[in-house]
Amino acid sequence: METFWIAASLLSVVVLFFESSASDLFPNTPDILWRFGLLELGFTALFSVEYVLRVLCSPRKTHYPVSFFGIIDLCTVLPMYILWMMPSLAGATDLVVLVRLLRVLRVLRVLKLLRYMNDAGILWRSLMRARRKLSIFFGFVAIILCLFGGLMFAVEEGKDGFTSLGASVYWAVVTLTTVGYGDITPHTATGRMLASILILLGYSIIAVPTGILTAYMSQELEKGRAARSCQNCLYSGHESDAKFCAHCGAVLDSDRSQPVDK
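Predicted model, so just to flag it, every value in this text is computed and none were measured. (Residues numbered from 1 in each chain as written. Predicted model: local features only at pLDDT ≥ 70, side-chain atom pairs only at ≥ 80, totals over all residues. Heavy atoms only, no water.)

Colleague: I keep staring at unusual backbone geometry and nothing clicks. Help me out?
Modeller: With the exception of glycine, the majority of residues adopt a negative phi angle, and the majority of peptide bonds are in the trans configuration. One non-glycine residue, Thr-178, adopts positive backbone phi at about 60°. Summarising the element assignment, Thr-178 is placed in the loop between α7 (165-176) and α8 (189-205). (Helix = DSSP H or I, 4+ residues; strand = E, 2+ residues; numbered from the N terminus.)

Below is the structure:
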């Protein structure tokens, strides 16, 4: 069943990418969009059945719909139902962005794969344990961006692209991350000095979240190794995919790690 749902999720995403350029890929097939619509109908029915079964089988039926994977599962089937209930959206030119957003929501099906990847649990648990430190870090970064954006807006006097605080903060984001699109650039000596300081700050702090997450991932990996101990000699520290004890050679019990949503 895991293989089936992984294949179904991947195939639905691949079909979505082909559908977005179907007219160019199949110019001699006028009803190609209708065919892709039938495929999407099948995937929607399949994932709808999965969603209903998960709700029925969940020990806490009110918890699953509002959980992370419950919301993901719901978002992957909602677009088709919304377009069915409101068919006028499909032909509304002023709602093109909304219709496209509903269709792109189907890309979220790729997140369904995390449920069947036990190793993804390490990353997920690391993110959950580090969320407080990461939130503090990104809050600090947001303060820096607002500060430098405001200073640049005042220094450049609203010229050369710095027409608002929003545009100035956008420039600060691009500069701090060392991307540097070049669409907005300072022209005054003070502005260039501020830009240089912000670039150096970007190089200084860009590795902070990586270090935080790496530390927690190392702890999770060590915890997983310690959990696998030999029943014969009680030696611990084995890798999650080890089949034999590294100390005495006895056969290890199978890995009983839980899926990410448990």
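Colleague: Got a minute to help me understand the packing of aromatic side chains in this structure?
Modeller: Geometry of an aromatic ring pair is reported as the spacing of the ring centres plus the angle between the planes. Enumeration according to the criterion identifies eight aromatic pairs in this entry. On the numbers, 6.3 Å between centres and 50° between planes, the contact of Phe-26 with Phe-36 is tilted. Here Phe-26, found in the loop between α2 (22-25) and α3 (32-57), pairs with Phe-36, found in helix α3; they are ten residues apart in sequence, far enough to count as distant. Take Phe-36: its relative accessible area is 8%, and that puts it in the buried class. Here the aromatic cluster, defined as three or more aromatic residues joined through ring pairs, consists of Phe-4, Trp-5, Phe-43 and Phe-47. (Phe/Tyr/Trp six-rings, centres within 6.5 Å; stacked < 30°, edge-to-face > 60°. Buried < 20%, exposed > 50% of the residue type's maximum accessible area, 1.4 Å probe, protein only.)

Colleague: It is not clear to me how the confidence of the model for the chain should be interpreted in this structure. Could you clarify?
Modeller: Any segment with low pLDDT has predicted coordinates that should not be analysed in fine detail. Across the chain, the average pLDDT comes to 79, with 83% of residues at 70 or higher. Looking over the chain, one finds the lowest element-wise mean pLDDT in helix α5 (residues 96-104), namely 61, and the highest in α7, namely 90. pLDDT under 50 marks residues 256-262. Its contacts with residues more than four places away, or in other chains, come to twelve contacts. (pLDDT = per-residue confidence, 0-100. Contact = heavy atoms within 4.5 Å.)

Colleague: Whenever I open this one, the packing of α7 against α8 confuses me. Can you help?
Modeller: When two helices pack together, their arrangement is given by the angle between the helix axes and the distance between those axes. Two numbers describe how α7 lies on α8: the axes approach to 8 Å, and their chain directions differ by 50°. Comparing their axes, α8 and α7 come out oblique. Only Ala-195, Leu-198, Ile-199, Leu-201, Gly-202 and Ile-205 of α8 make contact with α7, whose side of the interface consists of Trp-171, Ala-172, Thr-175 and Leu-176. Its residues assigned to classes, the contact of α7 with α8 shows eight nonpolar, two polar and no charged. (Axes fitted to C-alpha atoms, helices over the stretch in contact; angles between N-to-C directions. Parallel < 35°, antiparallel > 145°, perpendicular 65-115°, else oblique. Nonpolar A, V, L, I, M, F, W, Y, C, P; charged D, E, K, R; others polar.)

Colleague: Can you walk me through the pattern of salt bridges in this structure?
Modeller: Side chains that differ in sign of charge can pair as their charged atoms come close. This structure, assessed with the given rule, holds two salt bridges. Asp-31 serves as the salt-bridge partner of Arg-35, at 3.5 Å between the closest nitrogen and oxygen. The class of Arg-35 is partly exposed, set by a relative accessible area of 46%. Here Glu-50 makes a salt bridge to Arg-54, at a shortest N to O gap of 3.2 Å. With Glu-50 and Arg-54 both in helix α3 and four residues apart, this pair spans about one turn of that helix. (Salt bridge = Lys/Arg side-chain N within 4 Å of Asp/Glu carboxyl O.)

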